[in-house]
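Chain residues, written in single-letter form:
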Amino acid sequence: MARVPERYRPFLVRHRKLVKFLLVGGTCFVLTTVIDLGLKFTVLQHKPVVALTVATVIATVVSYVLNRQWSFRANGRQREAILFFVVSALAVVVNDLPLIFSRYVLDLREPDVTALTQEVADFLSGMIVGTFLAMIFRFWAMNRWVFTRSGLQPPAEDLEPERV
């Protein structure tokens, strides 16, 4: 926190859970993009939705660990992991829907469009729009059902600014 300009500190402290969630999400977005493109241009060339789904599932596991340990610092609950993966499974569907719509409803795929147009449409619909919609859904659902705290008082470590 010492490296952050003074005028941004109150905002970051007040919204630290959201900031951490977004940092984890950004990391997982990069991971998803790398895996998705790697799969699309190698073993899953003709299955873009499967490639995106596999990439999203792998990033979801990483996201669980990072969110559990850093973003939400939840008290251990036995059903937490199950709820996380149920919410994440729904978020994978939310993430895939814009790509499915782009590819199979709008028909933005070869031979109807060029290969470049197809890939740009896939990236924008699957990685940008899909990820954005899934991120909003995940943040809401994780706060609502997964990483909840018992009691009204936040833990003492959440009251003090973190040192980076």
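Cut-offs applied
- Residues numbered from 1 in each chain as written.
- Predicted model: local features only at pLDDT ≥ 70, side-chain atom pairs only at ≥ 80, totals over all residues.
- Heavy atoms only, no water.
- Helix = DSSP H or I, 4+ residues; strand = E, 2+ residues; numbered from the N terminus.
- Contact = heavy atoms within 4.5 Å.
- Phe/Tyr/Trp six-rings, centres within 6.5 Å; stacked < 30°, edge-to-face > 60°.
- Buried < 20%, exposed > 50% of the residue type's maximum accessible area, 1.4 Å probe, protein only.
- Core = buried A, V, L, I, M, F, W, Y, C linked by side-chain atoms within 4.5 Å.
- Patch = residues over 30% accessible without salt bridge, like charges linked within 9 Å, V, L, I, M, F, W, Y side chains within 5 Å.
- Areas by Shrake-Rupley, 256 points an atom, 1.4 Å probe, with all protein chains shown as cover.
- Salt bridge = Lys/Arg side-chain N within 4 Å of Asp/Glu carboxyl O.
- Axes fitted to C-alpha atoms, helices over the stretch in contact; angles between N-to-C directions.
- Parallel < 35°, antiparallel > 145°, perpendicular 65-115°, else oblique.
- Left-handed = near helix turned anticlockwise from the far one by under 90°.
- Nonpolar A, V, L, I, M, F, W, Y, C, P; charged D, E, K, R; others polar.

1. Digging into the side chain of Thr-33
Part 1: Locating Thr-33 in the fold gives a position in helix α2 (residues 16-40).
Part 2: Those residues in contact with Thr-33, other than ones at most four positions away along the chain, are Phe-123 and Met-127.

2. Some points on the packing of aromatic side chains
Part 1: This structure, assessed with the given rule, holds six aromatic pairs.
Part 2: Summarising the aromatic geometry, the rings of Trp-140 and Trp-145 are spaced 4.9 Å apart at their centres and angled 80 degrees between planes, so their arrangement reads as edge-to-face.
Part 3: Looking at Trp-140, the relative accessible area reads 46%, which means it is partly exposed.
Part 4: Cluster of aromatic residues (ring-pair linked, three or more members): Tyr-64, Phe-84 and Phe-85.

3. Observations regarding the nonpolar core
Part 1: Core analysis: the largest hydrophobic core is formed by seven residues, namely Tyr-64, Phe-84, Val-87, Ala-141, Met-142, Val-146 and Phe-147.
Part 2: Counting residues per element, the ones that place at least two in this core are α4 (80-105) and α5 (115-146).
Part 3: Here the element with the most residues in this core is α5; it accounts for three residues.
Part 4: Counting residues in hydrophobic clusters, the runner-up holds five residues, among them Leu-39, Leu-44, Ala-51 and Ala-55.

4. Remarks on a nonpolar patch on the surface
Part 1: Judged by side-chain polarity, Leu-116, Val-120, Phe-123, Leu-124, Ile-128, Val-129, Phe-132, Leu-133 and Ile-136 come together as a nonpolar surface patch covering roughly 790 Å² of accessible area.
Part 2: By secondary structure assignment, the location of Leu-133 is in helix α5.
Part 3: A relative accessible area of 40% means that Leu-133 is categorised as partly exposed.

5. Here we look at the environment of Leu-133
Part 1: Residues Leu-133 and Leu-97 lie 36 residues apart in sequence; the distance between their C-alpha atoms is 9.8 Å.
Part 2: Ignoring anything within four residues of it in the chain, the contact list for Leu-133 reads Val-94 and Pro-98.

6. Focus on the packing of α4 against α5
Part 1: Following both chains from N to C, one finds α4 and α5 inclined at 155 degrees, their axes separated by 8 Å at the closest point. Taken together, the axes of α4 and α5 are roughly antiparallel relative to one another. In this structure, α4 crosses over α5, and the sense of that crossing is right-handed.
Part 2: Class assignment for the residues of the contact of α4 with α5 results in 18 nonpolar, eight polar and five charged.

7. As for the environment of Leu-52
Part 1: Positionally, Leu-52 belongs in helix α3 (residues 48-71).
Part 2: In this structure the C-alpha to C-alpha distance between Leu-52 and Phe-123, which are 71 residues apart in sequence, comes to 9.9 Å.

8. Remarks on unusual backbone geometry
Most of the time, phi is negative for any residue but glycine, and the peptide bond is trans.
Part 1: A cis amide bond links Glu-110 with the next residue in sequence, Pro-111, at an omega value of 5 degrees.
Part 2: Counting through the fold element by element, Pro-111 comes out in the loop between α4 and α5.

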